[in-house]
Each structure stands twice: as C-alpha cells, then as structure tokens.
Amino acid sequence: MKLTARKVTLELAEPFTISRGTQDTADVVYVEIEHDGVTGYGEGNPIDRYDESVESALAYLEEHTDRLGDDPWALDEIESRLSREQFGARCAIDAALHDLQGKLTGIPVWRLLGLRRAGPPTSFTIWLGDPDDMARRTEAVSDRFKRLKLKIGGGDGLDVERVRAVRGVTDLPLQVDVNEAWSPEEALEALPQLAQLGVEYCEQPLEAGDPDGPKLKQRSPIPIYVDEDCHTLDDVAICAERAHGLTIKLAKSGGIREALRMVGAGRALGLGLMLGCMNESGLAVAAGAQIASLFDHIDLDGNLLLRHDPWPGVELVDGVQLPSESPGLGVREAVSDPL
C-alpha cells in the first residue's frame, strides 16, 4: 500500500471561541492510501492540547509510510507496527483504511461494521461569547437542530447567565462544555443552577486529572462527561471514577478501531457515551458518522462550522448527520472552481 499525506487549512465560517482561545482556521492532514488501483482517504486533526501539530503529524506519517504492508484488511498487524503516539495522524490512517476497505467491497463502512446507519441528532455548538451574543446566535440556528452545545468557561462569572440567556430563546435540549475552566468551587456553585435551567449534562468542568473530580461526580445534580480527561482506552477506567460519561473523539483515540474499544469498555462500566469532533471537514465527520449509532449523544458539527466543506457527502437530515450509502466513508473531495 502507498501512503501520501498533505496539510490543509480549513477556514471557519466565523471565529470559534472556547475557554482556551479563539481560532479562525483549523489545520488538518489528509491521508491517501492506494492499493490495487483504489484509494482510501482519511483526515487527521492534531490536537495541541496533547502536544500534537500538523508538522508532528506529517513527520509521523512520513516515518510510518513503509509500515502499512500490502494487506488493507490486516488492521491488527498494521496497528502493531504504528507507534502509539500522534493520534491525529493515526486517525487519518485508520479512516483511510476503512474508506479503502469499503471501496474494495462496494459497501459503506457503517454496514461493513454491522451497524445501523443513523445515530442520534447532532448538537450544534454555540461558541463562547457574552450572554446576549450567544442568545442571538442560538435564535439563528435553533430551527435546524435538535440539540445545542454551549461553550462556557469565560472566567468572568457570567457562565450561568450565558445559559440563562440561551434558555430564554429556545426550548431545545442543552449541554454545556466548560473545557477545563472551572475550579471545584465554581463547579459546585454553577451546576445546581444549570440543573434548574434544564441543562442535561456538563462536559469537562474541571482541569483534566483534578483530584476533586470524583467528589464532584458524587455531588453534581447533572451528569458529568469528560473530554480532555479521556484520550484513549487506557483512560476509560479512571474516567469512570470521575464522570458519568465519556466524550470520545476519533482524533483523540486514533480512529474508529480504538473508539470501538472505548465504547465497549465504557458500556461495561455503565458510562454514558458521547461522540464528539474537532473543527474538521466532512471527511473526518464522515468517519465519525459511521459509528454514531453506538452513542447516546452526538456532537458532529465540525463541517457545519466551516465556510466551505471541501468533502461533501454527509447529509444533515432532521438534525442527524447521516452517513452516505456510497462505499467507504461515502464522501468525495469537491472540485475547486477554475480561476
């Protein structure tokens, strides 16, 4: 098998703000794996929170390009030859291999895995802003979606007011994502108020590894989900001590195969499961959509936050990010208009 990789910069429709900062673009890597005249495609989103970058991902891909072998079905063997690091790059390889397998057989990946096509409706992210601004943006999109995810953690004491402002303009189910910005004291003060506002669960209120995490789980009136705490399968058991649910992302786990292992472990421990995403194109969202039916909650709106999605094929149908019935991941790169 032949692997090639390239860097691509995705332009966001609007600046995207969370507690850690604002971004206008997202740098990703695209991987192509060719075998027997057929090419599979995958996208990787290096996460700087885990000390990854596009440069480190491309270096990893170049180092491992000769380790794939010649059998696209030998996924265990291929995984064993890949260093367990640079999970954004591993995710791109994993997606491209699944896309390749689907194209070789003429079957969409979700069917190849024996899964249902449709998962739960995706949430749409209302990024961090002042309360009135978040309410205005909510009004602009609430007729297209069944759920909303509010980015809070502004560090200004207004987080509950942000949620109250949004609740004032919509009856949609709400979740909040704090991105590690609260102290335990702030969380204990805010969570009961969020419960009164009908927030269904809170994602990553504390810094990853905060020793007060297990106590907060016991005292919180709404479920706690963890994202930054939960990287790969190795983290699932300890996350069960500090959370009611896991946020799994292919870019964190290294792809579909590791995500499926995490799903199994999480279910065995009685945890809720959410499938999340990064700011990414339809190529990455398509990979997540293949396994969305296994999750309780879905946050696959990355391609919907872009000015232009270069990989169309995933359809938003009644709030659900529906994978294609075409072979593989079911998306194709859009052809650029000639100058």
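Whatever comes next refers back to the structure up there.
Residues numbered from 1 in each chain as written. Predicted model: local features only at pLDDT ≥ 70, side-chain atom pairs only at ≥ 80, totals over all residues. Heavy atoms only, no water.

Student: What is the right way to read the overall build of the protein chain from this model?
Tutor: The helix and strand tally for the protein chain stands at twelve helices and 13 strands. Taken across its 339 residues, the protein chain has 57% of its residues classed as buried. Sequence separation of at least 24 residues holds for 69% of the intrachain contacts in the protein chain that already meet a minimum separation of 6. For the protein chain, the accessible surface area stands at approximately 14,000 Å², while carbon and sulfur atoms represent 46% of it. Computed over 34 positive and 59 negative side-chain charges, the separation of the two mean positions in the protein chain equals 4 Å. (Helix = DSSP H or I, 4+ residues; strand = E, 2+ residues; numbered from the N terminus. Buried < 20%, exposed > 50% of the residue type's maximum accessible area, 1.4 Å probe, protein only. Contact = heavy atoms within 4.5 Å. Areas by Shrake-Rupley, 256 points an atom, 1.4 Å probe, with all protein chains shown as cover. Lys, Arg positive; Asp, Glu negative; His and termini not counted. Charge placed at Lys NZ, Arg CZ, Asp CG, Glu CD.)

Student: Explanation requested: the pattern of salt bridges in the structure shown.
Tutor: Two side chains with opposite charge may pair up if their charged atoms get near one another. Per the stated rule, a full pass over the model turns up 29 salt bridges. In this structure, D133 and R136 form a salt bridge, with 3.9 Å as the shortest nitrogen-oxygen distance. Separated by three residues within a single helix, D133 and R136 lie in helix α5 (residues 131–141), roughly one turn from each other. A relative accessible area of 23% places D133 in the partly exposed class. The shortest N-O distance in the salt bridge between K149 and E203 comes to 3.1 Å. Placement of the pair is K149 in strand β5 (residues 147–151) and E203 in strand β7 (residues 199–203), with a sequence separation of 54 residues. As far as burial versus exposure is concerned, K149 and E203 are alike and both buried. Each of the salt bridges in this network shares a partner with another, and the network as a whole consists of D76, E79, R84, R257, E258 and R261. (Salt bridge = Lys/Arg side-chain N within 4 Å of Asp/Glu carboxyl O.)

Student: Just to check I follow, could you spell out the sheet that holds strand β1 (residues 2–18) for this structure?
Tutor: Within a sheet, neighbouring strands are paired by backbone hydrogen bonds and run either parallel or antiparallel to one another. Here three strands make up an open sheet; going across it, the order is β1-β2-β3 and the pairing antiparallel. Every other strand in the sheet has two partners, leaving β1 and β3 (38–44) as the edge strands with one partner each. The average undirected angle you get between the axes of adjacent strands in this sheet is 20°. With 13 bridges connecting them, β1 and strand β2 (residues 21–35) associate as antiparallel partners. Within β2, the position partnered with E11 by the bridge is T25. Here helix α3 (residues 87–105) sits on the sheet in contact with β1, β2 and β3, set at roughly 150° to β3. (Pairing = 2+ DSSP bridges. Axes fitted to C-alpha atoms, helices over the stretch in contact; angles between N-to-C directions.)

Student: Quick question: what am I supposed to make of the sheet that holds β7 here?
Tutor: What the eight strands build is an open sheet, ordered β4-β5-β6-β7-β8-β9-β10-β11; its pairing is parallel. Edge strands, defined here as strands with exactly one partner in the open sheet, are β4 (123–126) and β11 (297–298). This element, α5, spans β4 and β5 of the sheet and lies at about 150° to β4.

Student: Where do I start with the side chain of Q321 in this structure?
Tutor: Its location among the elements puts Q321 in strand β13 (residues 320–322). Of the residues examined, Q321 reaches a relative accessible area of 3% and is grouped as buried. Only 3.0 Å separates the side chain of Q321 from the side chain of N303, close enough to count as a polar contact. (Polar contact = N/O pair within 3.5 Å; in protein donor to acceptor, adjacent residues only side chain to side chain.)

Student: Looking at this structure, I do not really get the side chain of R147. What am I missing?
Tutor: The topology assignment puts R147 in strand β5. A polar contact of 2.7 Å, which involves the side chain of R147, links it to the side chain of E200. Setting aside anything within four residues of it in sequence, one finds R147 in contact with P121, T122, S123, F124, P173, Q175, E200, Y201 and H297.

Student: I would appreciate a short explanation of empty space enclosed by the protein in the present structure.
Tutor: Under the counting rule described, the total for this entry stands at three cavities of 30 Å³ or more. Here the largest cavity defines a volume of roughly 110 Å³. Every residue lining the largest cavity is listed: L75, I78, E79, L82, R90, I93, D94, L97, H98, G254 and R257. Looking at the lining of the largest cavity, the elements with two or more residues in it are α2 (75–81) and α3. If one sorts the elements of the lining of the largest cavity by residue count, α3 sits on top with five residues. Its residues placed into classes, the lining of the largest cavity shows five nonpolar, two polar and four charged. (1 Å grid on protein atoms, 1.4 Å probe; cavity = no way out; pocket = protein on both sides within 12 Å on 5 of 7 lines; lining within 4 Å. Points joined across faces, edges and corners; volume = space filled by probe spheres on them. Nonpolar A, V, L, I, M, F, W, Y, C, P; charged D, E, K, R; others polar.)

Geometry only, nothing functional implied.
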